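# Topology and contacts: notes
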Amino acid sequence: MSLSKAFQLFLASCFTALLLPAQQAVGPANLLTGAKADTPAAAQPGDLKPAANKTPDRVPDYVLGPEDQIIIRAFHVEEISDRPIQVAGDGYINLALVGRVKASGLSVSALDQDLVDRLKNYVRDPQVTILISDYRSQPVSVVGAVGAPGVVQLKGRKNLVEVIALAGGLKTEAGNTVTLTRELAKGRIPLPGAADDPTGRFSIAHVNLHDVMEARNPQDNVVIEANDVVMIPKAQLLYVVGEVQKPGGYVLNERDSVSVLQAVALAGGLTGSAAPKKAKILHQDPNNHSSRTEAPTNVKKILDGDAPDVQLYADDILFVPSNLPKKAGGKALETALNMVGIAVWRF
């Protein structure tokens with residue numbers, strides 16, 4: 001499978017963005033639990049301002065990683081600060097009394113137990129609770145036709161459908177094929193059609209999302225890994241505009257073409273003021289996307305069976321003008337063309 005040079009540059013930019021460390025905002029320290037209101041706690045390395053409008057989560061099975069922010073609460077241990085602490089790039093955190101502790105690669109519950117064991121030298125029956133104040137170690141880039149494209153955090157084990165939901169779900173104009181890209185250093189995507197890109201750095205696979213959603217191929221709903229790129233391209237559309245009941249764009253799905261008869265039926269049929277004898281098909285110039293060629297098409301004869309049906313392809317526009325004088329002519333066509341993209345219909 002080959003990728004264009006532009007697509008390779010795009011992938012490189014996505015992975016670079018994912019791997020950039022989050023900016024650390026060092027703010028004033030919070031007060032220690034049990035300390036007087038006018039006695040500020042000393043700032044410790046890795047202390048951060050709490051993430052705005054975020055309630056810390058208790059997720060025992062979550063595996064911590066670099067850049068994650070946690071809050072450690074230790075009962076009767078005033079030296080342990082009750083503020084967000086970021087896991088450093090090397091995977092460690094620094095705490096009073098216990099010193100430098102490996103956090104990356106451990107689940108929250110495992111780090112709980114590790115700190116309890118370390119604090120037994122200083123406290124009788126120590127009790128430790130760890131909360132996650134900000135997830136930063138498992139970014140996934142979701143781009144294309146989704147509600148909120150960008151970087152999302154996995155926050156644990158997530159499959160393809162769940163990650164798309166985190167990115168706001170599919171837009172109406174989304175295509176059915178999703179492209180997954182993963183760094184080969186993390187292993188190949190476990191799908192039969194997965195292939196390496198020409199650079200030998202990425203594993204790439206295509207998933208028919210419609211088949212996954214309809215439970216025809218549930219095995220393709222693969223688990224997404226940190227730093228994966230999920231790309232949902234826009235679907236190929238054809239347009240039916242003018243004097244039809246439901247003007248707009250129609251998703252081709254897996255089809256290459258739709259006939260004029262099918263297109264008119266999908267659009268709910270003609271309106272009472274339609275002039276089907278004067279219909280036109282506008283084909284996009286493959287060499288100049290801003291230019292179209294017009295092909296007069298007598299839709300009435302096609303509907304009556306007096307003329308052969310005509311195929312419409314991606315980006316074609318079927319325009320059915322009005323038989324009313326004020327709507328006829330070039331202005332009506334221009335108005336119809338401006339409507340393209342307003343409504344998108346699936347069938």
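Thresholds, definitions, all that
- Sequence order as written defines the numbering, with residues in each chain counted from 1.
- Only residues with pLDDT of at least 70 are given local features in this predicted model, and only at 80 or more are side-chain atom pairs given and counted; all residues enter the totals for whole chains, interfaces and linings.
- Only hydrogens and water are removed before side-chain values are computed, so all heavy atoms of the structure are retained for them.
- Each helix is a run of DSSP H or I of at least 4 residues and each strand a run of E of at least 2, with the numbering of both proceeding from the N terminus.
- Contact criterion: two residues are considered in contact whenever any of their non-hydrogen atoms come within 4.5 Å of each other.
- Residues adjacent in sequence count toward polar contacts only when both atoms are side-chain atoms; beyond that, a polar contact is any pair of N or O atoms within 3.5 Å, and within protein one must be able to donate a hydrogen and the other to accept it.
- Expected span, for any helix, means 1.5 Å times one less than how many residues it has.
- Burial here depends on accessible area, computed with a 1.4 Å probe over protein chains only, as a share of the maximum for the residue type. Under 20% is buried, over 50% is exposed, and the range in between is partly exposed.
- The directions from the helix axis to the C-beta atoms form the arc being described.
- When DSSP locates at least two bridges between a pair of strands, those strands are taken to pair.
- The pairing test for Phe, Tyr and Trp rings, Trp by its six-membered ring, is centres within 6.5 Å, and the orientation test on the planes gives stacked under 30 degrees, edge-to-face over 60, and tilted for anything in between.
- Placement of a charge over a ring requires the Lys NZ or Arg CZ to be within 6 Å of the ring centre, with the centre-to-atom vector within 35 degrees of the ring normal.
- Among buried residues, those of type Ala, Val, Leu, Ile, Met, Phe, Trp, Tyr and Cys that are joined through side-chain atoms within 4.5 Å constitute a nonpolar core.
- In this tally, Asp and Glu contribute negative charge and Lys and Arg positive charge; neither His nor the terminal groups of the chain are included.
- Each reported salt bridge corresponds to a side-chain nitrogen of Lys or Arg within 4 Å of a carboxyl oxygen of Asp or Glu.

This part takes up the environment of Tyr 135. Relative to the helices and strands, Tyr 135 is located in the loop between strand S5 (128–134) and strand S6 (139–144). Each C-alpha atom, one on Tyr 135 and one on Pro 66, is 9.7 Å from the other, the two residues being 69 residues apart in sequence. Other than its neighbours up to four places away in sequence, Tyr 135 contacts Asp 57, Val 59, Tyr 62, Asp 68, Gln 153 and Lys 155. At 3.0 Å, the side chain of Tyr 135 and the side chain of Asp 57 are in polar contact.

The terminal C-alpha atoms of helix H2 (residues 108–119) lie 16 Å apart, and with 12 residues this matches the ideal 16 Å at 1.5 Å per residue to within 8%. Every buried residue of H2 is listed here: Val 108, Leu 111, Asp 112, Leu 115, Val 116 and Leu 119. Taken down its axis, H2 places every buried residue within 140° of arc, on the same side. On its buried face, H2 sits against strand S1 (69–74), strand S3 (92–95), strand S4 (99–102) and S5.

Let us look at the sheet that holds strand S7 (residues 150–153). With respect to topology, six strands assemble into an open sheet ordered S7-S6-S13-S9-S11-S10, the strand pairing being mixed. In this open sheet, the two edge strands, each paired with only one partner strand, are S7 and strand S10 (195–196). Direction of pairing for S6 relative to strand S13 (residues 229–232): parallel, over a ladder of four bridges. When the bridges of S13 are listed, Ser 141 appears paired with Val 229.

As a further point, take the pairing of strand S9 (residues 177–183). Where burial is concerned, most of S9 is hidden: six out of the seven residues are buried. Alignment of S9 against S13, held across three bridges, turns out to be antiparallel. Looking across to S13, one finds that Leu 180 is bridged to Val 230.

For the coordinates displayed, the defined rule picks out one aromatic pair. Arranged with centres 5.0 Å apart and planes meeting at 90°, the rings of Tyr 62 and Tyr 135 form a pair that is edge-to-face. Here Tyr 62 is found in the loop between helix H1 (5–19) and S1, whereas its partner Tyr 135 is found in the loop between S5 and S6, with 73 residues between them in sequence. Each member of the pair Tyr 62 and Tyr 135 is classed as buried. In this arrangement the basic side chain of Arg 100 is found over the ring face of Tyr 92, its NZ or CZ atom lying 4.0 Å from the centre.

The next point concerns the nonpolar core. Core analysis: the biggest nonpolar cluster contains 24 residues, and Ile 72, Ile 93, Leu 95, Leu 111, Leu 115, Val 128 and Ile 130 have the highest contact counts within it. Counting residues per element, the ones that place at least two in this core are S1, S3, H2 and S5. It is H2 that provides the largest number of residues to this core, a total of five residues. Once residues within four sequence positions are removed from consideration, Ile 93 is found in contact with Ile 70, Ile 72, Ile 85, Gln 86, Val 87, Gly 99, Arg 100, Val 101, Ala 103 and Leu 111.

Right, let's talk about the side chain of Asp 220 for a bit. Considering the arrangement of structural elements, one finds Asp 220 in the loop between helix H4 (209–213) and strand S12 (223–224). Although Asp 220 is buried, it forms no salt bridge, and the closest oppositely charged side chain is Arg 216 at an N-O distance of 9.7 Å. Apart from the residues within four sequence positions on either side, Asp 220 is in contact with Leu 160, Leu 191, Val 207 and Val 212.

Looking now at the environment of Asn 176. By the secondary structure assignment, Asn 176 is in the loop between helix H3 (160–166) and S9. Since its relative accessible area comes to 14%, Asn 176 is described here as buried. Measuring from C-alpha to C-alpha, the distance between Asn 176 and Lys 234 comes to 8.6 Å, with 58 residues separating the pair along the chain.

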